[in-house]
Amino acid sequence: MLSPPTHDVVVWESVLAPALLDALTRTMQAAEGRPADVCAPTGRLVDQHIRRTSRVEVPQSLSDKTRLCFEGLHDRLEEHFGVRLGGCEPPQFLRYERGDRFVPHSDVAAGRRVTAVLHLAQAGAARGSLTFFAPSPTATWQTCRKKISFPPGSVIAFPADLVHEVPPVRVGPRLTVVTWFWNG
Ligand SMILES: O=C(O)CCC(=O)C(=O)O
Ligand SMILES: [Fe+2]
């Protein structure tokens, strides 16, 4: 059990088969990208002060296999979080270059209940990481944040309302795939 603020965060290793991990990594390094958008009260927009990363296109077959892999976690996620979940959103394939980031945010929107991030690669590091923030009003500057790291091929999952951050990437690319499971 992890201590707060991350007691709800789970990391499952080796979710992605090595061959698929390899194929996705190579494809995403080379693929065309476009700036990822964020949800704002006025609709979806690109704001690179908030979310600075590229959404890349991967062939349908790779995208389908990745989605199946996420869907295979559905029952485990329900059990772990003790909630009923529906399906998941089409995965977003993300490539962060040096300086890219996603400022502290929660993913709550349109019925999203659980966030699942598949980690593929972090240049210059054996593991990727995310920073989480304590919801507790008694948290201090020393205790309010915690970095969790995870190896390639793993999935990190957490309640969509838990505040998290992708700190500015020092060496790119950082490659991840993210999806959200809806309320069931
Ligand atoms: O790329 C990641 O590790 C997480 C991205 C994220 O938090 C998001 O897209 O909402
Ligand atoms: Fe997020």
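Numbers given to residues run from 1 along each chain, matching the order in which its sequence is written. To read the labels, note that chains go from A and ligands from 1, taken in the order they are written. Local features in this predicted model are restricted to residues of pLDDT 70 or higher, and side-chain atom pairs are both shown and tallied only at a pLDDT of 80 or more, whereas totals for entire chains, interfaces and linings draw on every residue. Water and hydrogen atoms were dropped before computing side-chain values, which therefore reflect all heavy atoms in the structure.

Going by the annotation in an unreviewed UniProt entry, the name recorded for the chain is 2OG-Fe(II) oxygenase, with Streptomyces fuscus given as the source organism.

### Re the site of ligand 1
Any residue with a heavy atom positioned within 4 Å of a molecule or strand is treated as near that molecule or strand. Surveying the vicinity of ligand 1 reveals 14 residues, the closest of which are Tyr-96, Asp-107, His-164, Arg-174 and Thr-176. Here a polar contact is taken to be a pair of N or O atoms separated by no more than 3.5 Å, where protein atoms must pair a possible hydrogen donor with a possible acceptor and residues adjacent in sequence count only if both atoms sit in side chains. Contact between ligand 1 and Thr-176: an oxygen atom at 2.8 Å from a side-chain N or O atom of the residue. Here, Shrake-Rupley sampling with a 1.4 Å probe gives the accessible areas, and only protein chains in the shown set may cover a residue. Notes on ligand 1: free accessible area 290 Å², of which the protein chains cover 99%. Secondary structure is summarised from DSSP: a helix means a run of H or I of at least four residues, a strand means a run of E of at least two, and numbering begins at the N terminus for each. Ranked by residues supplied to the shell around ligand 1, first place goes to strand β15 (residues 174–183) with 4 residues. Here the nonpolar group is Ala, Val, Leu, Ile, Met, Phe, Trp, Tyr, Cys and Pro; Asp, Glu, Lys and Arg are the charged ones; every other residue, Gly included, is treated as polar. A class-by-class count of the residues in the shell around ligand 1 yields 8 nonpolar, 3 polar and 3 charged.

### A short note on helix α3 (residues 74–81)
Those residues of α3 not exposed but buried are His-74, Leu-77, Glu-78 and Phe-81. The arc enclosing the buried residues of α3, seen along the axis, measures out at 100°, which places them on a common side. The exposed set on the far side of α3, more than 90 degrees from its buried face, consists of Asp-75 and Glu-79. Residues are treated as being in contact if the distance between any of their heavy atoms lies within 4.5 Å. Elements that come into contact with the buried residues of α3 comprise β1 (10–12), α2 (60–71), β7 (85–88), β10 (112–122), β13 (155–159) and β15. Following α3 by one or two positions, Gly-82 has its phi on the positive side, about 65°. Only protein chains enter the accessibility calculation, which uses a 1.4 Å probe; a residue is then buried when its area is under 20% of its type maximum, exposed when over 50%, and partly exposed in between. Taking the helix axis as origin, the arc is that swept by the directions to the C-beta atoms.

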